[in-house]
Amino acid sequence: MTKQAKQELYEQLLIEADAVIDSNISWIGNTANLCALIQSHFQHWWCGFYFVNTNNQLELGPFVGPVACTLISHGKGVCGTAWKEQKTIIVPDVHQFEGHIACSAASNSEIVVPIFKGETTVAVLDIDSVEFNTFDETDQYYLERLVKRLPF
Ligand code: SME
């Protein structure tokens, strides 16, 4: 996919996200709808959210795709690292990422975007691809903008 084609899909996605995000409901419905919206444009292998729970672990939330790991500790895997470092992590080849948690053997690249409430990470958006090198700075730019729209 060209950079321009990707940008156009994301611009449309942002418009649709603004239309469906409902500030009157909890995170469950909004993140479920965002998964559906992302997948309607990109058809990734797996797209979902993990939330920091009361035991200070990442707990599986709404997602689209095959069944996934339910709990991830702080600093573990790509998700736990993005949480710990409070920054987006792009992994071109998950087999080269030390500590990668393989929920699915089919996944080959991944992006994890932390979601903040103030200074604190409250959740992460995780997207997996069966292709290598799927995600780049364009995905990071738009997905960071996208998750900022979520009311927490
Ligand atoms: N690969 C992730 C685990 C979550 S699944 O990909 C859905 C990780 O290393 O944190």
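Up top is the structure these notes are about.
Keep in mind that what you see is a predicted model, and the values were worked out from it rather than measured.

Novice: Before we go on, may I ask you to explain the site of the ligand in this structure?
Specialist: Close to the ligand lie 13 residues, the nearest being Val78, Cys79, Ile101, Cys103 and Asp128. Residue Val78 places a main-chain N or O atom 2.9 Å away from an oxygen atom belonging to the ligand. With respect to the ligand, the backbone of Ile101 contributes an N or O atom lying 2.7 Å from a nitrogen atom. Look at the ligand: alone it shows 310 Å² of surface, and the protein chains cover 99% of it.

Novice: What's the story with helix H4 (residues 137-148) in this structure? I'm lost.
Specialist: Note: α-helices contain 3.6 residues per turn, so residues at a spacing of three or four share the same orientation. With twelve residues, H4 extends 17 Å from end C-alpha to end C-alpha; this agrees with the ideal 16 Å at 1.5 Å per step. Residues of H4 that are buried make contact with helix H1 (3-20), helix H2 (27-42), strand S5 (109-117) and strand S6 (120-129). Two or three places before Thr138, at the opening of H4, Asp136 has a side-chain oxygen 2.9 Å from that residue's backbone nitrogen.

Novice: I keep staring at the packing of aromatic side chains and nothing clicks. Help me out?
Specialist: Each aromatic ring pair is specified by the distance between its two centres and by the angle formed by the two planes. Summed over all chains, the structure comprises eight aromatic pairs. Geometrically, the ring pair formed by Tyr10 and Tyr142 is stacked, given 5.1 Å between the ring centres and 0 degrees between the ring planes. With a gap of 132 residues between them, Tyr10 in helix H1 and Tyr142 in helix H4 connect regions that are remote in the sequence. The burial state of Tyr10 is the same as that of Tyr142; both residues are buried. Ring centres of Phe51 and Phe152 lie 6.2 Å apart, and the angle between their planes is 45 degrees; on these two criteria the pair is classed as tilted. Linking Phe51 in strand S1 (residues 46-52) with Phe152 in the segment after H4, this pair joins segments that are 101 residues apart in sequence. By relative accessible area, which is 32% here, Phe152 ends up partly exposed. Ring pairs connect the aromatic residues Tyr10, Phe42, Tyr141 and Tyr142, which therefore count as one cluster.

Criteria and thresholds
- Residues numbered from 1 in each chain as written.
- Predicted model: local features only at pLDDT ≥ 70, side-chain atom pairs only at ≥ 80, totals over all residues.
- Heavy atoms only, no water.
- Near = heavy atom within 4 Å.
- Polar contact = N/O pair within 3.5 Å; in protein donor to acceptor, adjacent residues only side chain to side chain.
- Areas by Shrake-Rupley, 256 points an atom, 1.4 Å probe, with all protein chains shown as cover.
- Helix = DSSP H or I, 4+ residues; strand = E, 2+ residues; numbered from the N terminus.
- Expected span 1.5 Å × (residues − 1).
- Contact = heavy atoms within 4.5 Å.
- Phe/Tyr/Trp six-rings, centres within 6.5 Å; stacked < 30°, edge-to-face > 60°.
- Buried < 20%, exposed > 50% of the residue type's maximum accessible area, 1.4 Å probe, protein only.

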